[in-house]
Amino acid sequence: MLGGYTGKVLNIDLTTGNIEIEKYPDRMLRKYLGASGIAAKILYDRTDENTDPLGPENHLIYMTGPFTGTRVPSSGRHEITAKSPLTGIFGEGDVGGTWGVNLKRAGYDGIIIHGKAEKPVYILVEEGQVSILDGEHLWGLDTIEVDEKLKETHGPKTVTSCIGPAGEKQVLIASIMHDGKDARAVGRAGLGAVMGSKNLKAIAVIGSGKVDVADEEGLKECLKKSLPKIIANTQSLKQLGTAGGAVMAEKWGDIPVKNWSRGDWESIKNISGEKMAKTILKKRYFCGSCPIGCGRDIEIKEGPYKGVSGAGPEYETIGLLGSNCMVDDLEAIAYANELCNRLGIDSISTGSAIAFAMELYERGIIDERDTDGVKLDWGNGEAMIEMVKKIGSKEGIGELLGKGVKRASEEIGGIAPEFAVHVKGLELPAHDPRAMSSLAVGYATSNRGACHLHAGGFYFEKGVTMPELGYTEMQDRLSSEGKGQLTFHSQNIMCILDSLKLCKMLLFGKVTLTEIVEWIKYTIGWDDFTVEELLMAGERIFNLQRLYNVEYCSISRKDDVLPPRILSQPRLDRGTGDYLPPLGKMLYEYYQIRGWTMEGIPSEEKIKELDLDDRHVPLI
Ligand code: SF4
């Protein structure tokens, strides 16, 4: 029997209440690795072009990887996958915390949910026992209240994954939150709305078993070499969290300012990781098996936001709710972040939608009659907070903004779409392709829309190396040379990390592919596994997701684009000058390296090479 996997996945039909256990052949696990890869295959098998993302036929797939729940560093993670109601294409999110670890310890690799419950329910997985329980008393509660209530009912060891009021109301940028006040989010692509559409409020897990690996002692010995290196190379993440990157990002022109319309913004120092460390930081937070601990646990002890506590804002939240709205009040951002977590909305899409609305307000396209009297001026922290409340509650203009900037701009009409910054309907995260050129082709082609975590090339432009692929030094961030190739490699690596379940922060810890293959051998027991096979698996998973988008969602080159503002308006700041990324040139190189046609379609030869010509044969 393979190590790492429990070998059991729950299949729950909420319409009938039927619960079954699925087991996948070993060769399929080797082909798709786990988490993101296996979930993509299940979504490919069981949904299609006729699937309404908010219909009972959509599948909401929770999946761990073979490393989840083991001692492999930074592996306490799981993936949630579904057809996205925000973008209408492949949707997924990777998340840390302890929920996935507990699911594995309860004896399951994943949970596939489909159908729709007649009334609100929650699922309880307790040490192998599974039940669907009445959730009406939870409906209407925010995500932290749900966590507290379920801990009261099932005991303090209960770990939750749940939606807030936004998910219930099927707000298209609704998130799925985990671990209560520690607030780990599957934020992107509106998967909280999918959960809400199924009348599923929460999944509570309690697990205390052990995840068996092929060679526990061997793994322990092997990690003795890796851990000191990881810890030594991630000291700034430990000390300042991801928000520690904000000051450098502003200097490089990477962080968005004023709805992506300008550069240099001195006020970044007021909302940086350094500022957080000196003011509201209480302690660090660690996801399962993580030696880094980049999470921030904060507490505001006085002032208008007194009482805010728990998970502090990450870099992305600082960038979108902060600099992109020109709000330089760290405590206001921390409060808005807590509201996003409680209501269950993605802080990236929310910040982007508010900045978009602020620009429309400045230009006179909307006014106070549209905003219920809120003065949506740049830098107005109270107005930003009001908008978060409106979006999360689907009230007033919040109902429109909660549809994401693409749909909102189309409904407003006129020139509004010019100010909507998204790719394939997913708002850009807080990294600018005008500062990190690989992100141009990375955002344009990533399978869930604009996503730095899927693109990954910018890590190498920030100094990450990967000797097996020839990346031994920092890549030139303002050059398009070789960025098609870099994006090809980094997207495949992201698929590997998301499938085995490894945090991307390990890249800053200088973890190599060779080390990951060693961890696979000791964890799963595949003694003949190689770096080449690992890379092939990553490429296969990426292509399967692309084929989902091509075959079921009509995605092609016409959709591999960037917002006009990013393509044609330089930031003119000290970090980027007048640089604009030449997307067409990079895309040409990228399609060639991917083995896709110039229309962005995987070629038959490539499909065969990746052993995807049998993709229509179901997993089981
Ligand atoms: S580095 Fe941060 S996000 Fe990654 S696993 Fe550790 S605590 Fe979680």
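Note that the coordinates shown come from a computational prediction; the quantities given were computed from them, not determined experimentally. (Residues numbered from 1 in each chain as written. Predicted model: local features only at pLDDT ≥ 70, side-chain atom pairs only at ≥ 80, totals over all residues. Heavy atoms only, no water.)

1. Remarks on the overall build of the protein
And step 1. Along the backbone of the protein there are 25 helices and 17 strands.
And step 2. Against the 2.2 N^0.38 benchmark of 25 Å for 620 residues, the protein shows a C-alpha radius of gyration of 22 Å, consistent with a compact globule.
And step 3. Based on the C-alpha atoms only, the size of the protein along its principal axes is roughly 65 × 55 × 50 Å.
And step 4. Nonlocal contacts in the protein, meaning residues at least 24 apart in sequence, comprise 71% of its contacts between residues at least 6 apart.
And step 5. For the protein, the accessible surface area stands at approximately 20,400 Å², while carbon and sulfur atoms represent 50% of it.
And step 6. Charge separation in the protein, taken as the distance between the mean sites of 73 positive and 88 negative side-chain charges, equals 3 Å. (Helix = DSSP H or I, 4+ residues; strand = E, 2+ residues; numbered from the N terminus. Rg over C-alpha atoms; globule rule 2.2 N^0.38 Å. Contact = heavy atoms within 4.5 Å. Areas by Shrake-Rupley, 256 points an atom, 1.4 Å probe, with all protein chains shown as cover. Lys, Arg positive; Asp, Glu negative; His and termini not counted. Charge placed at Lys NZ, Arg CZ, Asp CG, Glu CD.)

2. Description of the site of the ligand
And step 1. Residues in contact with the ligand, as listed here, are Ser74, Arg77, Arg184, Tyr285, Cys287, Cys290, Ile292, Gly293, Cys294, Cys503 and Met505.
And step 2. A per-class count over the shell around the ligand returns 7 nonpolar, 2 polar and 2 charged.
And step 3. If you count residues domain by domain, the shell around the ligand takes at least three from each of domain 1 (9-206) and domain 2 (235-427). (Near = heavy atom within 4 Å. Nonpolar A, V, L, I, M, F, W, Y, C, P; charged D, E, K, R; others polar. Domains from an automatic or database assignment.)

3. Observations regarding the sheet that holds strand E7 (residues 121-126)
And step 1. On the basis of which strands lie adjacent, the open sheet formed by 6 strands has the order E8-E7-E12-E9-E10-E11 and mixed pairing. The sheet terminates laterally at strand E8 (129-134) and strand E11 (184-186), the two strands that pair on one side only. Averaged over all adjacent pairs, the angle separating strand axes in this sheet is 20 degrees, with direction ignored.
And step 2. The pairing of strand E10 (residues 176-178) with E11 spans 3 bridges and is classified as antiparallel. Residue pairing across strands places Met177 opposite Ala185, the latter belonging to E11. (Pairing = 2+ DSSP bridges. Axes fitted to C-alpha atoms, helices over the stretch in contact; angles between N-to-C directions.)

4. Focus on the packing of helix H11 (residues 315-322) against helix H13 (residues 347-362)
And step 1. Where H11 meets H13, the closest approach of the two axes is 7 Å, and the angle between their N-to-C directions is 15 degrees. By the angle between their axes, H11 is roughly parallel relative to H13. Considering how the two elements wind past one another, H11 and H13 form a crossing that is left-handed. Contact residues: H11 offers Glu316, Thr317, Leu320 and Leu321, while H13 offers Ser347, Ile348, Thr350, Gly351, Ser352 and Ile354. (Parallel < 35°, antiparallel > 145°, perpendicular 65-115°, else oblique. Left-handed = near helix turned anticlockwise from the far one by under 90°.)

5. So, the pattern of salt bridges
And step 1. Applying the stated criterion across every chain, the model contains 50 salt bridges.
And step 2. With a closest N to O distance of 4.0 Å, Lys462 and Asp254 form a salt bridge. Highlighted residues: Lys462 in the loop between helix H19 (457-461) and helix H20 (483-500) and Asp254 in the loop between helix H9 (246-252) and helix H10 (273-278), separated in sequence by 208 residues.
And step 3. Classification of Asp254 as buried rests on a relative accessible area of 0%.
And step 4. The shortest N-O distance in the salt bridge between Glu266 and Lys269 comes to 3.7 Å.
And step 5. Accessibility expressed as a relative area gives 47% for Lys269, which makes it partly exposed.
And step 6. Here the salt bridges share partners, and the residues they tie into one network are Arg77, Glu79, Asp94, Asp498, Lys501 and Lys504. (Salt bridge = Lys/Arg side-chain N within 4 Å of Asp/Glu carboxyl O. Buried < 20%, exposed > 50% of the residue type's maximum accessible area, 1.4 Å probe, protein only.)

6. A few points about the packing of aromatic side chains
And step 1. In total, this model carries 15 aromatic pairs according to the counting rule given.
And step 2. Taken together, a centroid distance of 4.9 Å and an interplanar angle of 45 degrees make the contact between Tyr62 and Trp99 tilted. One end of the pair, Tyr62, is in strand E3 (residues 60-64); the other, Trp99, is in helix H3 (residues 99-105), and 37 residues separate them in sequence. An identical accessibility class is assigned to Tyr62 and Trp99; each is buried.
And step 3. Measuring from ring centre to ring centre gives 6.4 Å for Phe67 and Trp519, while their planes differ by 65 degrees; the resulting arrangement is edge-to-face. With Phe67 in the loop between E3 and strand E4 (78-83) and Trp519 in helix H21 (residues 513-523), this residue pair connects regions lying 452 residues apart in the sequence. With respect to class, Phe67 is no different from Trp519; both count as buried.
And step 4. These aromatic residues form a ring-pair network of at least three members: Tyr44, Phe90, Tyr548 and Tyr552.
And step 5. Lying over the aromatic face of Tyr108, Lys8 brings its terminal NZ or CZ to 5.1 Å of the ring centre. (Phe/Tyr/Trp six-rings, centres within 6.5 Å; stacked < 30°, edge-to-face > 60°. Lys NZ or Arg CZ within 6 Å of the ring centre and 35° of its normal.)

7. Concerning the environment of Asp432
And step 1. Summarising the element assignment, Asp432 is placed in the loop between strand E17 (426-427) and helix H17 (438-445).
And step 2. Each C-alpha atom, one on Asp432 and one on Ile348, is 14 Å from the other, the two residues being 84 residues apart in sequence.
And step 3. With near-sequence residues (within four places) excluded, Asp432 lies in contact with Gly253, Asp254, Trp260, Leu439, Ile566 and Arg571.
And step 4. In terms of polar contacts, Asp432 uses its side chain to reach the side chain of Arg571, at 2.9 Å. (Polar contact = N/O pair within 3.5 Å; in protein donor to acceptor, adjacent residues only side chain to side chain.)

8. Let's talk about the sheet that holds strand E14 (residues 295-299)
And step 1. Strand order in the open sheet made by the 3 strands is E13-E14-E15, with antiparallel pairing throughout. The sheet terminates laterally at strand E13 (281-285) and strand E15 (309-311), the two strands that pair on one side only. Pairs of neighbouring strands in the sheet enclose a mean axial angle of 20 degrees, with direction left out of account.

9. Section: the nonpolar core
One broad rule of soluble globular proteins: the nonpolar side chains tend to lie buried together.
And step 1. In terms of nonpolar packing, the biggest core is built from 96 residues, with Ile516, Trp519, Ile520 and Leu534 touching the most fellow members.
And step 2. The dominant element in this core, judged by the number of residues it contributes, is helix H22 (residues 531-553), at 11 residues.
And step 3. Beyond its immediate chain neighbours, meaning those up to four positions away, Trp519 contacts Phe67, Val72, Pro73, Leu219, Cys222, Leu223, Ser226, Ile230, Leu502, Leu506 and Val511.
And step 4. Judged by nonpolar contacts, the second largest core, of 64 residues, contains Ile300, Leu321, Ala336 and Trp378. (Core = buried A, V, L, I, M, F, W, Y, C linked by side-chain atoms within 4.5 Å.)

10. A closer look at H13
And step 1. Taking 1.5 Å per residue, 16 residues should reach 22 Å; H13 reaches 22 Å between its end C-alpha atoms and fits that length.
And step 2. In terms of burial, H13 is a largely internal element, 15 of the 16 residues being buried.
And step 3. A side-chain oxygen of the first residue of H13 lies 3.2 Å from the backbone nitrogen of Ile348; this N-cap is Asp346.
And step 4. Following H13 by one or two positions, Gly364 adopts a phi angle in the positive range, close to 80 degrees. (Expected span 1.5 Å × (residues − 1).)

11. A look at unusual backbone geometry
And step 1. Despite not being glycine, Gln170 has its phi angle at roughly 60 degrees, a positive value.
And step 2. Along the polypeptide, Gln170 turns up in the loop between helix H5 (165-168) and E10.
And step 3. Among the residues examined, Gln170 registers a relative accessible area of 27% and is labelled partly exposed.
And step 4. In the Ramachandran plot, Leu572 falls in the positive-phi region, its phi being about 55 degrees despite a non-glycine side chain.
And step 5. Here Leu572 is to be found in the loop between helix H23 (564-568) and helix H24 (583-594).
And step 6. You can call Leu572 exposed: its relative accessible area is 62%.

The quantities given are spatial measurements derived from coordinates; they are silent on function.
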